[in-house]
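Results of the structural survey
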Amino acid sequence: SAVISQKPSRDICQRGTSLTIQCQVDSQVTMMFWYRQQPGQSLTLIATANQGSEATYESGFVIDKFPISRPNLTFSTLTVSNMSPEDSSIYLCTGGEPTDTQYFGPGTRLTVL
Amino acid sequence: KQEVTQIPAALSVPEGENLVLNCSFTDSAIYNLQWFRQDPGKGLTSLLLIQSSQREQTSGRLNASLDKSSGRSTLYIAASQPGDSATYLCAVTGRDGNKLVFGAGTILRVKS
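These lines cover the structure that appears in this document, whether it is placed above or below. (Residues numbered from 1 in each chain as written. Chains lettered and ligands numbered in written order. Predicted model: local features only at pLDDT ≥ 70, side-chain atom pairs only at ≥ 80, totals over all residues. Heavy atoms only, no water.)

**What to know about the side chain of Gln102(A)**
Along the chain, the position of Gln102(A) falls in the loop between strand S9 (89–95) and strand S10 (103–104). Gln102(A) sits in the buried class, given a relative accessible area of 1%. Not counting residues up to four positions away in its chain, the partners in contact with Gln102(A) are Phe33(A), Thr94(A), Gly95(A), Gly96(A), Glu97(A), Gln34(B), Phe36(B), Ser46(B) and Leu100(B). (Helix = DSSP H or I, 4+ residues; strand = E, 2+ residues; numbered from the N terminus. Buried < 20%, exposed > 50% of the residue type's maximum accessible area, 1.4 Å probe, protein only. Contact = heavy atoms within 4.5 Å.)

What follows is the structure, given as structure tokens:
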């Protein structure tokens with residue numbers, strides 16, 4: 001099973017600032033996924049990140065707000081830009097083929113004041 | 001558009017009871033279905049993966065079934081323990097194999 005790590009585990013940020021979240025997988029994977037879990041809600045896919053190409057964003061999510069990097073097959077970053085209190089959520093990443101068992105990172109708990 | 005529904009939203013049972021969590025999905029053209037556990041403020045732990053061609057999967061006290069034609073899955077937990085208290089999420093992968101669609105989850109509390 002893949003092991004996913006994320007940094008930071010939590011952060012408290014001021015409105016209008018940006019935060020970059022890192023996701024590391026212990027093996028090479030083609031696809032990495034970023035999810036958001038708003039308070040009391042289930043998980044919603046933000047975007048799919050493939051190495052060497054632009055990320056694919058789901059409806060309601062845009063690159064200017066959530067830029068993603070995928071420099072290699074084991075690492076990805078998600079930036080939450082120009083944050084507002086509505087961005088307070090847990091952000092989770094996972095990697096690997098979605099047709100296989102998905103192993104999630106521990107998540108990044110973001111609070112925006 | 002795939003939609004996943006989980007019933008009940010919350011469940012409280014005494015220790016030792018057997019219980020069933022339900023998951024339904026609107027589009028039966030799925031690749032697989034997964035059950036996850038989430039502890040408060042934590043990430044997700046994968047419990048069971050059922051491929052679309054399978055009917056059930058078992059792991060310890062957990063048994064998950066899949067009826068793809070009716071768009072339903074159940075997670076059976078035998079002899080529940082306080083340590084089973086968590087939110088249980090089901091998620092399906094569509095035939096495009098591109099992403100997971102999650103249900104809202106069932107919050108389980110097992111009382112000692």
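**Considering the environment of Thr17(A)**
Residues and elements named next belong to chain A. Within the fold, Thr17 resides in the loop between strand S2 (10–13) and strand S3 (19–25). The partly exposed category is assigned to Thr17, whose relative accessible area is 33%. Note: C-alpha distance between Thr17 and Gln38 (21 residues apart in sequence) is 19 Å. Once you skip the residues sitting within four places of it in the chain, Thr17 turns out to touch Val80, Ser81, Asn82 and Met83. Looking at Thr17, its side chain comes within polar contact range of the main-chain oxygen of Gln14, at 2.6 Å. (Polar contact = N/O pair within 3.5 Å; in protein donor to acceptor, adjacent residues only side chain to side chain.)

**Comments concerning the layout of surface pockets**
Quantified by volume, the largest pocket comes out at close to 570 Å³. If you trace the largest pocket, you find 21 residues lining it, with Lys1(B), Gln2(B), Lys99(B), Leu100(B) and Val101(B) closest to the centre. For the lining of the largest pocket, the secondary structure elements donating two or more residues are strand S5 (43–50) of chain A together with strand S9 (86–94) and strand S10 (100–102) of chain B. Taken together, the residues that form the lining of the largest pocket break down as nine nonpolar, five polar and seven charged. (1 Å grid on protein atoms, 1.4 Å probe; cavity = no way out; pocket = protein on both sides within 12 Å on 5 of 7 lines; lining within 4 Å. Points joined across faces, edges and corners; volume = space filled by probe spheres on them. Nonpolar A, V, L, I, M, F, W, Y, C, P; charged D, E, K, R; others polar.)

**Here we look at the interface of chain A and chain B**
A common measure of how large an interface is: the accessible area buried when the components associate. With 21 residues of chain A at the interface, the matching set in chain B holds 21 residues. For the pair chain A and chain B, the two sides together bury roughly 1500 Å², of which 54% comes from carbon and sulfur. Taken together, the connections running from chain A to chain B amount to one salt bridge. Among the salt bridges present, the one from Lys99(B) reaches Glu58(A), with a minimum N-O distance of 2.6 Å. Applying the counting criterion to the chain A and chain B interface returns seven residue pairs in polar contact (both at pLDDT 80 or more). Of all elements in the fold, only strand S4 (31–37), S5, S9 and S10 of chain A reach the threshold of two or more residues within the side of chain A that touches chain B. The leading source of residues in the side of chain A that touches chain B is S4(A), at four residues. Residues that form the side of chain A that touches chain B fall into these classes: eleven nonpolar, seven polar and three charged. (Buried area = accessible area lost by both parts, 1.4 Å probe. Salt bridge = Lys/Arg side-chain N within 4 Å of Asp/Glu carboxyl O.)

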